[in-house]
Each structure stands twice: as structure tokens, then as C-alpha cells.
Amino acid sequence: MGWVEMQVRGYPEFVRTAQSYHGRPIFALFCGDKDAEGRSWCPDCVTAEPIVRKELHNLPDESVFIYCLVGDRAYWKDPNNEFRRNLKLTGVPTLLKYGTPQKLVEEECFKAELVRMLFTED
Amino acid sequence: SVQAHKEEDDPQKTMEVNGLTPVPDSYDYDLIVIGGGSGGLAAAKEAAKYEKKVMVLDFVTPTPQGSSWGLGGTCVNVGCIPKKLMHQAALLGQALQDSRKFGWQFTEDVKHNWMTMTESVQNYIGSLNWGYRVALRDTKVTYENAYGEFVGPHTIKATNKKGIEKLYRAERFIIATGERPRYLGIPGDKEYCISSDDLFSLPYCPGKTLVVGASYVALECAGFLAGLGLDVTVMVRSILLRGFDQDMANKIGEYMEEHGVNFIREFVPIKIEQVEEGTPGILKVTAKSTTRDQIIEGQYNTVLLAIGRDPCTRKIGLDKIGVNINEKTGKIPVNDEEQTSVPYIYAIGDILQDKLELTPVAIQAGRLLVRRLYAGATTKCDYVNVPTTVFTPLEYGACGYSEETAVEKFGEENIEVYHSHFWPLEWTVPSRDNNRCYAKIICNIQDNERVIGFHVLGPNAGEVTQGFAAAIKCGLTKEQLDSTIGIHPVCAEV
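In this numbering scheme, every chain counts its residues from 1 along its sequence in written order. Chains and ligands are labelled by the order in which they are written, letters from A for the one and numbers from 1 for the other. Local features in a predicted model are, by the rule used here, given only for residues with pLDDT of at least 70; side-chain atom pairs are given and counted only at 80 or more, and totals for whole chains, interfaces and linings are based on all residues. To obtain the side-chain values, all non-hydrogen atoms of the structure were used and water was disregarded.

1. Focus on the sheet that holds strand 2 (residues 26-31) of chain A
All names here are of chain A. The strand order 1-3-2-4-5 describes an open sheet built from 5 strands, whose pairing is mixed. If you trace the sheet from one side to the other, it starts and ends with strand 1 (4-9) and strand 5 (103-105), each paired once. On average, adjacent strands in this sheet sit at an angle of 15° to one another, irrespective of strand direction. The sheet contact formed by strand 2 and strand 3 (residues 64-69) spans 6 bridges and is parallel. Each residue of the ladder has a partner; that of Phe30, found in strand 3, is Cys68. Contacting strand 1, strand 2, strand 3 and strand 4 (94-97), helix 2 (residues 43-55) runs over the sheet at an angle of about 165° to strand 3. DSSP calls a pair of strands paired once it identifies at least 2 bridges connecting them. By definition, any uninterrupted DSSP run of H or I lasting at least four residues is a helix, any uninterrupted run of E lasting at least two residues is a strand, and each is numbered from the N terminus. Angles shown run from 0 to 180 degrees and are taken between the N-to-C directions of axes, each axis being a line fitted to C-alpha atoms and, for helices, limited to the stretch in contact. Whether two residues are in contact is decided by their heavy atoms, any of which lying within 4.5 Å being enough.

This is how it looks when you write it as C-alpha cells:
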């Protein structure tokens, strides 16, 4: 069946989407918001996104890939924002396998090998 | 005629993979480490720093109850880490009780939820397993979740959980396979009992528990289970904490007994039967006295065996390549450079004969060994004066000789023991025991009253002991200790 991508923005939409795919492997990439020209305020996210996208073909069948924009820079800097509080995110970009402790944070997302390991290994 | 020149025939041609240092044609790896625990991972990561081509094989054979775990070895998965976290859970329970005396008011009675604690602990362990996999991949160490066995010189067979076998050849090997809990060898032991391998991920509260054994594993587990509010009994064959200072061991036992842990002394189980299935069910234990003709019976929800650990050295093909092991214990004797009887095979960690079974020892041995192999270093692992701590409800930190061993080695007239009870300030207000905490040092009179043994029984014993271990390594004498002004008000000032 292959895999599907869902693009969401903000915490409530992320949670709703993840819950709707309960039972399937869910991978999520969290990035800073993009401006009208499509550039993120987060330079590491700009670097990571193409690297992550290049490995998406390795996703196991039935997976869901959620591409989530977290908010603007001010929202992200707030130490109490919902992503930090509830998902324990510490930085953007973060690439994770939902419901497991498996995640890659910031520069770890630049390494294709690690992204592939996250997507393909248990 | 023209002779075709095959690539393998060219002595100058070597394999280069991933930009790493080329290895001789006949080897796939410079180093293969068997066992991805504390020692194995430390050694592998160190070797990768010197750009060696390294592989780690790690495989967990499931327990009789079906428990298994990820990369990281005993300490991370079923040892030090979950143990300390659960010990902390128990201490927090005690702190909640104490807090009322300090003015905290809460109306409900406080209860403990086993599942909440276990899930949090397992989650943390999961993040460690993942962290190790990222670290290995990042440093280009190849990791395979496969069971390694020697099949011939320089050759190992790796079998993964699907049964697929692969052969690998390496210039050198490090065996770091660690140990697993021993079973009693009585009817019902494997079917109904659990071990520390199962306890930390048990998907239900163990309930009324019988802990068989008197090792630090037994006492630590009994201690935190009781601290969490469970009915705990410890069945001891003879003495507590064999190998540790017996004066301190007895004080630990007394404290535990006063604080709700039942002890059945000088008995061993002979039969375990299931009375009722369930999670937990009910088990009937039959035990016999070791000193007289007496049989007793008892019923428990859970029976936890903690009677010792055996090295994983019997089924890894050591006989095929001539690595000597102690046939009785399974331990591997090595020289002071961790080399086995086969020069290109080394061993580190709990499987070593006559060496301390501690994570930091394995890590240190692994790192220094690799530096000697690949970085021209000469430092050997110093196994003397290694500090340790037992995380029983009353914690015990020690470094150096026990009183008995010091007397044996130096003679009673040549050692002086200084000791003191102390009452932690934090225990005064909640009226906790005022005569249980204790500290003693053992000095060698003939060597300037050098401190050769340090023992402390009290809260945060591990934190207290670490600094003293460094001082002992520097040759601390009683006079120097006396002239060191204390920090007040802390336990360590005693």
C-alpha cells in the first residue's frame, strides 16, 4: 500500500492527525513555519528537509509521514509551548517515530544514514 | 600467453570501505566485539575513534518468561539503571511520609502504581537503546542484532533472530558477553519464577514477593519492592552479601528487617508450584532448612530468583578456537592486558575471572585495552581500590578492603579501625532512626596509617564514596583525613 504524507500546522492538528492513524507506523518531521516564499525561519530545518525527503522512499508500507509546522519563532522559543510540554521536543528540526523513544534532533537530521536507520530499523 | 591478473593476487590492493583505514584482504573487520553492553560498546566506540573498522554483535536470548531487551547490555536494560530508578521511586515514597513532619499537608493516603513507574523507566531505557544505536551508526561502527559464535580461527558466525547466518573474519576480537541470572535447578523454577531480567519490565505489579538470594541484587530488589509498599520476604541460604564487609552486611540486613522486610534465614527452596494462574498468580514455595530437618511452605504472588549470575561463555564456540575458560565457573582468565589464552582474542567485563563485576570497570578496561591496541598507549586497567555502592534502602558505599580481608592480609595488630554512627540532619525532624547510619575507615598502621578501606552506610552513600575513592587512590592517610575540615551539615563530614 506504500506510505502517505499528511501536512499539518500546530499542535492540535498534529495530535488529531496522529490519532486518526492509530495502529500504523507514524513518522513525523517538525519544522519551523515557512514564510510567503516558502522559507522557514529555522535554518537547520531548511537543511534537513530535503535530506529527510530523499529517504522517504525507505518508509515501511502502511506508514504515515506527518510533516508538521510548529509555529513561528516566538511560539517555538516559549519554553511552555505544547510541543515542548507534551511531546518533549527540545529542538527543531526533530524527526521521530511516534510512540517510541526513537528520534533524531537538529544536526542528526542532516545525516542520511541516521534518517534511513530511523525509517527502516526496529 | 597472457596471464589475467586477478585483483586478489595483488598484494598492494586492499579493501577500502567508507573511507576507513584499509584492512588486510582476508579480514572483514579490524575488530569484532561480541556483546553490546557497557564494556563492549565502550571498546567499540573507542576503536572507531582510531578509525578502525569495527563490528558489534549483540543478542539477547529471551528469558524463560519471554523477556528481552535492546542494545546496551545488562546495566542499561536490566541492571544498574532501572534498579536505581526503582530504588529512587521507593525513596520518594519514604520522602512523602517524612514530608508531613516538615509541614506538607495532603489528605489522601499515598499509593504506588507499578505500571506508571515501569512505563516511565522502560521509556527512558528505550531512549538509551536508541541513543547507542545512533552513536554506533554515527561513528560508523557496524551493529548487528545477532548471536556471535566462533567457528574457526579469526572467524565468527552471526545468527540473527530469523535464523540467518553470516560469517565474518576479523583481525582481533573482544569478548564482552556478560552474564545472566542463575536458576535453582528445582522443579518449577523456570516455569514460575522470575529474575532481575524480568522484574524491571514486569507488566503487572509483583504483589507479595519472595526474593531468593542474599546478593546485592536480591537485597536491592527486596529493598525497593518493600519501599513501594509490597509484602516482601527474603530467603537466605547462609550469609548476606558474600564478599562484602560482613559487619556492614549485617547492619544492612538489620535495617531492612526493622523496616518491614521479612527474612527467612538458612533455608533453600526445593519446589515451586502454581496454585493459581494470573498476573500475578499464586505460587507455593516449599523450602528446606540448611541446618536441620525442617520443611516449610509459603505462598507468594511472585518468586524472584537472585542467587547469582553465570557468564555467557559456554555456547560461543570458545572451545573451537582454544580460548581457555574456568570450566567450573565459566569465567575467562586473562593476563593484566585482558588477553585470553589466544593472543588475538581479548575479554572484558563481568566474564573475567577474579575481577570486579561493575559497569565502570568494564568501560575502563575496554577503553584502555583499545588505546593499547590502536593508539600505542601502555596504561593498564587498575582494578585496585574500585569504589562501589549497594543501593539497599540504607545505602552502602565502599572502597578498598573489608575489615575481614584487611585483617587477613595485614594482621589484626597492624590495622586500626575508626568508626562512628551518625544521624543525618534530614532524619531528625521526621524522627527516623538515630543509630543506623554508620561510617568506618580501616587504616594500615605500618604504612603511615594509610586508609585502605572506606565504608559508609547512609543516604547518598554513592555520592559520598566517590570523592573518598579518589583520595584513597592518592594515598590518603588518617592524618590527612583528620586535617581535612568537614562540610556542615552533611553526612560526609563524619
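Still to come is the rest of the account.
2. Focus: the domain arrangement of chain B
All names here are of chain B. Under the domain assignment, chain B is made up of domain 1 (29-178 + 312-375), domain 2 (182-307) and domain 3 (395-483). Placing the centre of domain 2 and that of domain 3 at their C-alpha centroids yields a distance of 30 Å. Listed as interface residues are 11 residues of domain 2 and, on the opposing side, 13 residues of domain 3. When two components associate, each loses some accessible surface as probed by a 1.4 Å sphere; the sum of these losses over both components is called the buried area. Interface of domain 2 and domain 3: buried area, both sides summed, is about 1100 Å²; carbon and sulfur atoms make up 56% of it. Broken down residue by residue, the surface that domain 2 buries against domain 3 is led by Asp245, Met248 and Tyr255, which jointly contribute 47%. Definition used for salt bridges: Asp or Glu carboxyl oxygen within 4 Å of a side-chain nitrogen of Lys or Arg. Our enumeration of links across domain 2 and domain 3 arrives at 4 salt bridges. An automatic or database domain assignment supplies the residue ranges for each domain.

3. Observations concerning the UniProt feature "binding site: NAD(+)" (unreviewed entry) in chain B
Residue and element names in this part refer to chain B. UniProt positions are given in the numbering used here, feature names are shortened, and annotations may be inferred rather than shown by experiment. According to UniProt, the positions carrying the feature "binding site: NAD(+)" (unreviewed entry) are Gly213, Ala214, Ser215, Tyr216, Val217, Ala218, Leu219, Glu220 and Gly308. Spatially, the listed residues are clustered: although they cover 96 residues, their C-alpha atoms lie within 13.6 Å of one another. With respect to the element layout, Ala214 can be found in the loop between strand 9 (209-212) and helix 7 (216-227). For Ala214, the residues in contact, after removing those within four places along its chain, are Leu219, Val236, Ile239, Leu240, Leu241 and Ala306. For the exposure calls, accessible area comes from a 1.4 Å probe over protein chains only, and a residue counts as buried if that area is under 20% of its type's maximum, exposed if over 50%, partly exposed in between. Among the residues examined, Ser215 registers a relative accessible area of 25% and is labelled partly exposed.

4. A few points about helix 7 of chain B
Side chains that are three or four residues apart share a direction in an α-helix, a result of its 3.6 residues per turn. Residue and element names in this part refer to chain B. Given a helix with a known number of residues, its expected span is that number minus one, times 1.5 Å. Helix length check: helix 7 (12 residues) gives 16 Å between terminal C-alpha atoms against 16 Å at 1.5 Å per residue, within 8%. Within helix 7, 9 of the 12 residues are buried, which leaves it mostly tucked inside the rest of the structure. Listing the buried residues of helix 7 in full gives Ala218, Leu219, Glu220, Cys221, Ala222, Gly223, Phe224, Leu225 and Ala226. Where helix 7 ends, the next residue or the one after it, Gly229, has phi of about 105°, a positive value.

5. Side note on the state of the cysteines
Counting rule for disulfides: a pair of cysteine sulfur atoms within 2.5 Å. Overall, the coordinates contain 1 disulfide over all chains when judged by the stated rule. Linked covalently through their sulfurs, Cys42 of chain A and Cys45 of chain A form a disulfide whose S-S length is 2.4 Å. On the sign convention where negative means left-handed, the S-S torsion of about 80° between Cys42 of chain A and Cys45 of chain A marks this disulfide as right-handed. Overall, the relative accessible area of 4% leaves Cys42 of chain A in the buried class. Owing to a relative accessible area of 1%, Cys45 of chain A belongs among the buried residues under this scheme. Free of any disulfide, Cys312 of chain B has its nearest neighbouring cysteine sulfur in Cys75 of chain B, separated by 16 Å. Its relative accessible area of 27% is what places Cys312 of chain B among the partly exposed residues.

6. A word on the interface of chain B and chain A
Of the residues lining the interface, 8 residues belong to chain B; the matching set on chain A comes to 12 residues. Together, the buried faces of chain B and chain A total about 1000 Å²; carbon and sulfur atoms form 55% of this surface. When the area that chain B buries against chain A is broken down by residue, the three leading residues are Trp130, Arg133 and Arg137 of chain B, summing to 66%. Viewed at the interface, chain A and chain B are joined by 4 salt bridges. The residue Arg133 of chain B makes a salt bridge to Glu121 of chain A at a minimum N-O spacing of 3.0 Å. A 3.5 Å cut-off defines polar contacts: any pair of N or O atoms within that distance qualifies, except that in protein one atom must be a possible hydrogen donor and the other a possible acceptor, and neighbouring residues in sequence count only when both atoms are side-chain atoms. At the surface where chain B touches chain A, the tally comes to 5 residue pairs in polar contact (both at pLDDT 80 or more). The residue makeup of the side of chain B that touches chain A, split by class, is 2 nonpolar, 3 polar and 3 charged. Three classes are used, and their members are as follows: Ala, Val, Leu, Ile, Met, Phe, Trp, Tyr, Cys and Pro are nonpolar, Asp, Glu, Lys and Arg are charged, and the others, Gly among them, are polar.

7. Thoughts on the environment of Ala48 of chain A
All names here are of chain A. Mapped onto the fold, Ala48 is located in helix 2. What makes Ala48 buried here is its relative accessible area of 0%. Along the backbone, Ala48 and Ala18 are 30 residues apart, and their C-alpha atoms lie at a distance of 22 Å. If we ignore the near neighbours within four places in the chain, the residues touching Ala48 are Pro93, Cys109 and Phe110.

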